[in-house]
Amino acid sequence: MRQHDAEVPDANATYVFAVCRDPDPSSCAGLPGVTHEAPVRLLALDSFTAIVQTVRARDFTDEAWQSRLSDQRELERYARAHHDVVSAVAAACPTVPLPMATVYHADERVREALAKETDRFRTALKRIAHHAEWGVKVYAPPAATAATAATAATAATAATAATAATDDADRRTGRPVVPTDRGRPAAGAGLAYLERKRGAQRLRERSQEDALRTAETVDEQVGRLATASRRLRPHPQPSTDRRVQILNATYLVAERRSEELALLTRTLRERTGAEIELSGPWVPYSFVGEV
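Residues numbered from 1 in each chain as written. Predicted model: local features only at pLDDT ≥ 70, side-chain atom pairs only at ≥ 80, totals over all residues. Heavy atoms only, no water.

1. Side note on the side chain of T95
In step 1: Within the secondary structure layout, T95 lies in strand β4 (residues 95-97).
In step 2: A polar contact of 2.9 Å, which involves the side chain of T95, links it to the backbone oxygen of C93.
In step 3: Every residue in contact with T95, bar those within four places of it in the chain, is listed here: A18, V19, C20, V86, V89, A90, L125 and I128. (Helix = DSSP H or I, 4+ residues; strand = E, 2+ residues; numbered from the N terminus. Polar contact = N/O pair within 3.5 Å; in protein donor to acceptor, adjacent residues only side chain to side chain. Contact = heavy atoms within 4.5 Å.)

Right, here's the structure in full:
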């Protein structure tokens, strides 16, 4: 979040949602924005248009925002209001979102400050025109868990069979069958245990390698279709979610290729066996700040 010139408690200030080119005035009509005291409106710049709203400066001081940051519900309300305006405008024309709480003392200060970023806005708007952002999350195939369980079951079955075979042989030769001492491991049990541990470790390593290859395959295939891409940190999963996230990425994709992206995602699910989540289309927040 950024704040500019919003330190005069009794003054009004100008909140800036986004910068765009040739917006449809009706796209933001009726939107509440971050306050109900003034409408969301268009502010003409030299080459572009800013989407703004008049707000009370005292609501955007450092102290006010620090208080708001500690109120999760209030913070979410502002974030949702900001996003709703950006999304409505972006649906009608190429739009560069500005960070939440970008506030200036007056309209003229908005013009002065944003004029210094004209080149960045021009490049970003050209880049994202007729594009949308799509998120792709990939979770490792369940093969590793199934294989581990199968290995354990096989080892247990083998141990049971070996014990049964020994008992049967004793009966055929007339030797008394001595009950197994449950408190003591059988001869060679330690070696068998270590071998099972090594096998499980090798299985985990192979599963991890397979998962990494799956992630690279998905990223490469989707990346070929996209105009740009970014790899993000995997999201931590809830304790109740046993899935392992192996790819969290976002892609800038031309609008005309959205159906192709959906088809590719389905194909990759079938080919890799991985769970692939496709989300979007979104306003391309991830691709407007790195130009």
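There is more to say after this.
2. Digging into the sheet that holds strand β6 (residues 131-139)
In step 1: With respect to topology, four strands assemble into an open sheet ordered β7-β8-β6-β9, the strand pairing being antiparallel. Of all the strands in the sheet, the pair left with one neighbour each is β7 (228-231) and β9 (275-282). Sheet twist, expressed as the average angle between the axes of neighbouring strands with direction ignored, equals 20°.
In step 2: Where β6 lies against strand β8 (residues 245-254), nine bridges are found, and the strand directions are antiparallel. By the bridge assignment, A132 is partnered in β8 with V253.
In step 3: The sheet strands contacting helix α7 (residues 258-272) are β6, β8 and β9, and the helix crosses β9 at an angle near 170°. (Pairing = 2+ DSSP bridges. Axes fitted to C-alpha atoms, helices over the stretch in contact; angles between N-to-C directions.)

3. A closer look at helix α2 (residues 72-90)
In step 1: With 19 residues, α2 extends 26 Å between its outermost C-alpha atoms, agreeing within 8% with the 27 Å of an ideal straight helix rising 1.5 Å per residue.
In step 2: In this structure, the buried side of α2 is in contact with β1 (12-20), β2 (40-44), β3 (49-56), α1 (62-69) and β4. (Expected span 1.5 Å × (residues − 1).)

4. A look at the nonpolar core
When a protein is soluble and globular, its nonpolar side chains tend to lie buried together.
In step 1: Counting 24 residues, the largest nonpolar core has Y15, F17, V34, I51, V55, F60 and W65 as the members making the most contacts within it.
In step 2: Looking at this core, the elements with two or more residues in it are β1, β3 and α2.
In step 3: Examining the composition of this core, we find that six residues originate from one element, α2, more than from any other.
In step 4: If sequence neighbours within four positions are ignored, V34 has contacts with Y15, F17, Q53, V55, F60, R77, Y78 and A81.
In step 5: Residues V19, L43, Y104 and A113 belong to the second largest nonpolar core, which totals 21 residues. (Core = buried A, V, L, I, M, F, W, Y, C linked by side-chain atoms within 4.5 Å. Buried < 20%, exposed > 50% of the residue type's maximum accessible area, 1.4 Å probe, protein only.)

5. Quick look at the pattern of salt bridges
In step 1: Per the counting criterion, the structure on display carries 14 salt bridges.
In step 2: Among the salt bridges present, the one from R243 reaches E277, with a minimum N-O distance of 3.1 Å. Of this pair, R243 sits in the loop between β7 and β8 while E277 sits in strand β9, and the two are 34 residues apart along the sequence.
In step 3: R243 sits in the partly exposed class, given a relative accessible area of 29%.
In step 4: Salt bridges linked by common partners bring R68, E74 and R77 together as one network. (Salt bridge = Lys/Arg side-chain N within 4 Å of Asp/Glu carboxyl O.)

6. Things to note about helix α3 (residues 107-115)
In step 1: Those residues of α3 not exposed but buried are V110, A113 and L114. Angular distribution of buried residues about the axis of α3 spans 90°; they occupy a single face of the element.
In step 2: If you follow the buried residues of α3, they end up packed against β1, β2, β3, β5 (103-104) and α4 (118-128). (Arc of directions from axis to C-beta.)

7. Notes on unusual backbone geometry
In step 1: The linkage connecting G280 with the following residue, P281, adopts the cis geometry, with an omega of 0°.
In step 2: Looking at where P281 falls in the secondary structure, it is placed in strand β9.
In step 3: Not every positive phi belongs to a glycine, and A101 is a case in point at roughly 70°.
In step 4: By the element assignment, A101 lies in the loop between β4 and β5.
In step 5: For A101, a relative accessible area of 0% translates into the label buried.
In step 6: Despite not being glycine, H130 has its phi angle at roughly 60°, a positive value.
In step 7: Among the structural elements, H130 can be located in the loop between α4 and β6.
In step 8: Here H130 falls in the exposed class, since its relative accessible area comes to 60%.

So far we have only geometry, and geometry alone does not tell us how the molecule works.
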